[in-house]
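Given next are the chains, with one letter for each unit.
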Amino acid sequence: MSTHIAADPGQIAPIVLFPGDPLRAKWIAENFLEGASLYSETRGMLGFTGTWEGRRISVQGSGMGQPSMAIYATELFKEYDVQTIVRVGSCGALTERLSVRDIIIASGACTDSGINRVRFNGLDYAPVADFSLLRAAVEASEAMPLDAAVHVGLLFSSDQFYSTRPELTEPFVAHGALGVEMETSGLYTLAAYHGRRALSICTVSDHIVTGEETTAQEREQTFGDMIEIALRAATS
């Protein structure tokens, strides 16, 4: 039993969907998984296990930001032998090439966080997705009838939601970053360290350039296409 998840051995499946919002975890469990049962509500960070098309799947909230996400990802990898984590999150679009509700499958992640600089003694590390998951997610999205566009590219994982230096993202956008969120860089790094598979799929919930945004309820309960892509990729 781990410190922050506190589930019993065997309660968590080898495949975990990993939203930041615990209420999105609840919505996923109720709408996509059969026979889902709650295995943890420690600190309000909900976790459920059920089945999807006959495969055991868990869904675990991670909280916001790399420090919170890293606690849950580390415990999932170390204490529960989870093999695959697919983040299913929201992000802000950084370029007018994208629209609200478009989906980003993250091939890699940039960051302004100091976490990896501490880990790598000041050197830069390039956190990237597991290629088999990345390929499976792209193939799944191509086989589905989607209303929104799907993009493959870089996310920018920021430590600040309310940034006082928005101009700092401009060089990243110029070098291909599509969206901003707060977790992917850390997740990809931890998966590499533990020898596990990770992928981040995010739906554009708000647009940094145009100011368009979705509501909190929409972010919690209406990003179903992203969830189905994640399930198909993780179980392929």
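Quick notes on the rules
Residues numbered from 1 in each chain as written. Predicted model: local features only at pLDDT ≥ 70, side-chain atom pairs only at ≥ 80, totals over all residues. Heavy atoms only, no water. Helix = DSSP H or I, 4+ residues; strand = E, 2+ residues; numbered from the N terminus. Rg over C-alpha atoms; globule rule 2.2 N^0.38 Å. Contact = heavy atoms within 4.5 Å. Lys, Arg positive; Asp, Glu negative; His and termini not counted. Charge placed at Lys NZ, Arg CZ, Asp CG, Glu CD. Polar contact = N/O pair within 3.5 Å; in protein donor to acceptor, adjacent residues only side chain to side chain. Buried < 20%, exposed > 50% of the residue type's maximum accessible area, 1.4 Å probe, protein only. Core = buried A, V, L, I, M, F, W, Y, C linked by side-chain atoms within 4.5 Å. Salt bridge = Lys/Arg side-chain N within 4 Å of Asp/Glu carboxyl O. Axes fitted to C-alpha atoms, helices over the stretch in contact; angles between N-to-C directions. Parallel < 35°, antiparallel > 145°, perpendicular 65-115°, else oblique. Nonpolar A, V, L, I, M, F, W, Y, C, P; charged D, E, K, R; others polar.

What to know about the overall build of the protein
When its secondary structure is counted, the protein shows 8 helices and 9 strands. Here the C-alpha atoms of the protein give a radius of gyration of 16 Å, agreeing with the 18 Å that 2.2 N^0.38 yields for 236 residues. With the C-alpha coordinates aligned to their principal axes, the bounding extent of the protein is approximately 45 × 45 × 30 Å. For the protein, the share of sequence-separated contacts (at least 6 apart) that also reach a separation of at least 24 residues comes to 77%. Averaged over its 17 positive side-chain charges, the protein has a centre that lies 6 Å from the centre of its 29 negative ones.

Topic: the side chain of Ser40
Turning to its location among the elements, Ser40 is positioned in strand E2 (residues 34-40). A distance of 3.4 Å separates the side chain of Ser40 from the backbone nitrogen of Thr42, its partner in a polar contact. Discounting chain neighbours no more than four positions away, the residues touching Ser40 are Ile5, Met45, Leu46 and Gly47.

Regarding helix H6 (residues 184-194)
By the criterion of burial, H6 is predominantly enclosed, with 8 of the 11 residues buried. Where H6 is concerned, the buried positions are Thr184, Ser185, Gly186, Leu187, Tyr188, Thr189, Leu190 and Ala191. Phi for Gly195, located one or two positions after H6, is positive at around 70 degrees.

Re the nonpolar core
Membership of the largest hydrophobic core comes to 63 residues, with the highest contact counts inside it found for Ile12, Leu17, Phe18, Ile85, Leu199 and Ile201. Take this core: its biggest share by element is 7 residues, from helix H8 (residues 224-234). Look past the residues within four positions of Leu17 in its chain and what remains in contact with it is Ile28, Ile57, Ser58, Val59, Gln60, Val86, Val88, Ile227, Ala230 and Leu231. Core analysis: the second largest hydrophobic core is formed by 5 residues, Leu94, Cys110, Phe156 and Ala177 among them.

What about the environment of Ser40?
Note on Ser40: relative accessible area 4%, which makes it buried. Ser40 sits 34 residues away from Ala6 along the chain, and the two C-alpha atoms are 6.5 Å apart. Within polar-contact distance, the side chain of Ser40 engages the backbone oxygen of Ile5 at 2.5 Å.

Details of unusual backbone geometry
At Arg43, a position not held by glycine, the phi torsion is positive, near 60 degrees. Counting through the fold element by element, Arg43 comes out in the loop between E2 and strand E3 (47-52).

Re the pattern of salt bridges
Taken as a whole and judged by the stated rule, the model has 7 salt bridges. We note a salt bridge from Glu183 to Arg87, for which the minimum N-O separation is 2.9 Å. Linking Glu183 in the loop between strand E8 (177-181) and H6 with Arg87 in strand E5 (residues 84-93), this pair joins segments that are 96 residues apart in sequence. For the pair shown, Glu183 and Arg87 are each scored as buried. Arg232 is the salt-bridge partner of Glu228, the closest N and O atoms lying 2.7 Å from each other.

Here we look at the packing of helix H1 (residues 22-32) against H8
Running from N to C, H1 and H8 cross one another at 70 degrees; their axes reach a closest spacing of 12 Å. Taken as axis vectors, H1 and H8 run roughly perpendicular relative to one another. The residues of H8 that touch H1, namely those facing Trp27, Ile28 and Phe32, are Gly224, Ile227, Glu228 and Leu231. When grouped by side-chain class, the residues that make up the contact of H1 with H8 number 5 nonpolar, 1 polar and 1 charged.

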